[in-house]
Amino acid sequence: MKDQERRLTLEPTEGSSPVGTADEAVVWKELLYEAGRRSRVEVEIFLTAFLGACQAQGWSDLTALRRLVGLEDPDLYRAILTGNLPESFPEALRTAWSAFVRRWSARRDDPTPSASDLAALQRTGPLQAGEWVLLIDAKGRHYLTRLEPGQNFTFHLGSVPMDAIIGQTEGTALRSSKGHVLLVFRPTLRDYLLHMPRHAQVVYPKDSAIMAMWGDLYPGARVLESGLGSGALAMVILRAIGPTGRLVSYEIRADFIRRAVRNIERWLGYIPENHEIHNEDIARAQVEPGSFDRAFLDLPTPTDGLPVATGALRPGGILVSISPTVPQVQETVEWLRASNLYGSIEVLEVLVRPWNVKGHSVRPAHFMVAHTAFIVVARRLRPGQSFVDDVYI
Ligand code: SAH
């Protein structure tokens, strides 16, 4: 059978799977999770090629899939990333697979974004079914929802049929069934980050905005990140580095990775190929020395990530670490100084004070977010330099 015809889809319908029974559906689900760390298209190609090679060996699809998901995490990564299947797989299969992965990496290095990547990033024109929209009521309350044909958006001031929103232009004022006005826009990344489901504490937009600038993210940058958490900071980094950049995230909790991947995909409409996620303790990560331009840490114990991040950064690279409490900041800065590998260490916090402007009442708002976190920024030195910053002495 030709590759095209056998091509597997990653969207099995509810209760069914490409390989049949309920038991197989469980295996399939696990694979989908692994797939979440790669681009959908690449994993479809991977599974198609992998199962094709397995069938040539006389293995059923189920046996092959079981073997694959039964691998320990590091083995699975090695198999997917480098093409080295463990010895428990027949040799012919190992050879076929490593040849395939070699071709695959060549394609992954092609930095040209696909048309669908660009379409998702540059949405303009009439609102379409399946898109996220932000609805704002007269009191300035925000509601984030996805446009589903035939459904209603319902809130405490009535409802609006989604069919009445689909096809509208952004900036349209709609009326709810109870006569209340709602403005409709496409959400900004900031809107999405504040509304998306989260596990861990996310980096707030006010902080990630500064982190992106102080950390000098640029299109094409190679960035190391830990932990991934719910993916909020990762989305800001991905946007700033663009499709030609590369983000490698280390996260210790598999369930957080699942949520983060879902959050990222829900926002972008696809899983970015230039985002590599490792379910691993950052302290144990194997990273090529000097192979990253920037390192972003958001860890309960920043010193867990500092040795690897420091090894990973090239001279002139920038480390950005965010922590909610003073002892974490103190430990981070002490570690950076003691390492003798950083200069220009800055510590800051970001206070955003909203204002009320109505008639003669022009004043700061009564309430503001008083504290989220402190940000530490430092620049990696060339090894062997002797430098003591005397700013704080
Ligand atoms: N920046 C994230 C939130 C990170 S919360 C966001 O914006 O959504 C901190 C994360 O670090 C948690 O998800 C936690 O599981 C992870 N973590 C803690 N210790 C770790 C370690 N040693 N290696 C990798 N990840 C770790």
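For the structure, check the block above.
The structure displayed is predicted, hence computed values, not measured ones. (Residues numbered from 1 in each chain as written. Predicted model: local features only at pLDDT ≥ 70, side-chain atom pairs only at ≥ 80, totals over all residues. Heavy atoms only, no water.)

Engineer: Please give an account of the site of the ligand that cites residues and values.
Structural biologist: Near the ligand you find 24 residues, and of these Glu251, Phe256, Asp281, Ile282 and Asp298 are the closest. At 3.1 Å from an oxygen atom of the ligand is found a main-chain nitrogen or oxygen belonging to Val203. At 3.1 Å from an oxygen atom of the ligand is found a main-chain nitrogen or oxygen belonging to Leu233. Coverage of the ligand by the protein amounts to 91% of the 580 Å² it exposes when considered alone. (Near = heavy atom within 4 Å. Polar contact = N/O pair within 3.5 Å; in protein donor to acceptor, adjacent residues only side chain to side chain. Areas by Shrake-Rupley, 256 points an atom, 1.4 Å probe, with all protein chains shown as cover.)

Engineer: Before we move on, could you go through the environment of Glu225 and cite the residues and values that matter?
Structural biologist: Among the structural elements, Glu225 can be located in strand 7 (residues 222–226). Overall, the relative accessible area of 1% leaves Glu225 in the buried class. Along the chain, Glu225 and Tyr250 lie 25 residues apart, while their C-alpha atoms are 6.3 Å from each other. Here Ser249 takes part through its side chain, which lies 2.6 Å from a polar atom of the side chain of Glu225. (Helix = DSSP H or I, 4+ residues; strand = E, 2+ residues; numbered from the N terminus. Buried < 20%, exposed > 50% of the residue type's maximum accessible area, 1.4 Å probe, protein only.)

Engineer: Mind laying out helix 11 (residues 232–241), listing which residues take part and the relevant values?
Structural biologist: Owing to its 3.6 residues per turn, the α-helix brings residues three or four apart onto one side. For helix 11, the tally of buried residues reaches eight of 10 residues, placing the bulk of the element in the interior. Looking one or two places after helix 11, you find Gly242, whose phi comes out positive at around 70°.

Engineer: Could you give me a rundown of the sheet that holds strand 2 (residues 142–146), with the residues and numbers involved?
Structural biologist: One open sheet holds the four strands; their spatial order is 2-1-6-5, and the pairing between them is antiparallel. Strands with a single pairing partner mark the edges of an open sheet, and in this sheet they are strand 2 and strand 5 (172–175). Taken over all neighbouring pairs, the strand axes of this sheet differ in orientation by 35° on average, direction set aside. Bridge analysis of strand 5 against strand 6 (residues 181–185) gives four bridges, and the strand direction is antiparallel. Residue pairing for strand 6: Leu174 is matched across the bridge by Leu182. (Pairing = 2+ DSSP bridges. Axes fitted to C-alpha atoms, helices over the stretch in contact; angles between N-to-C directions.)

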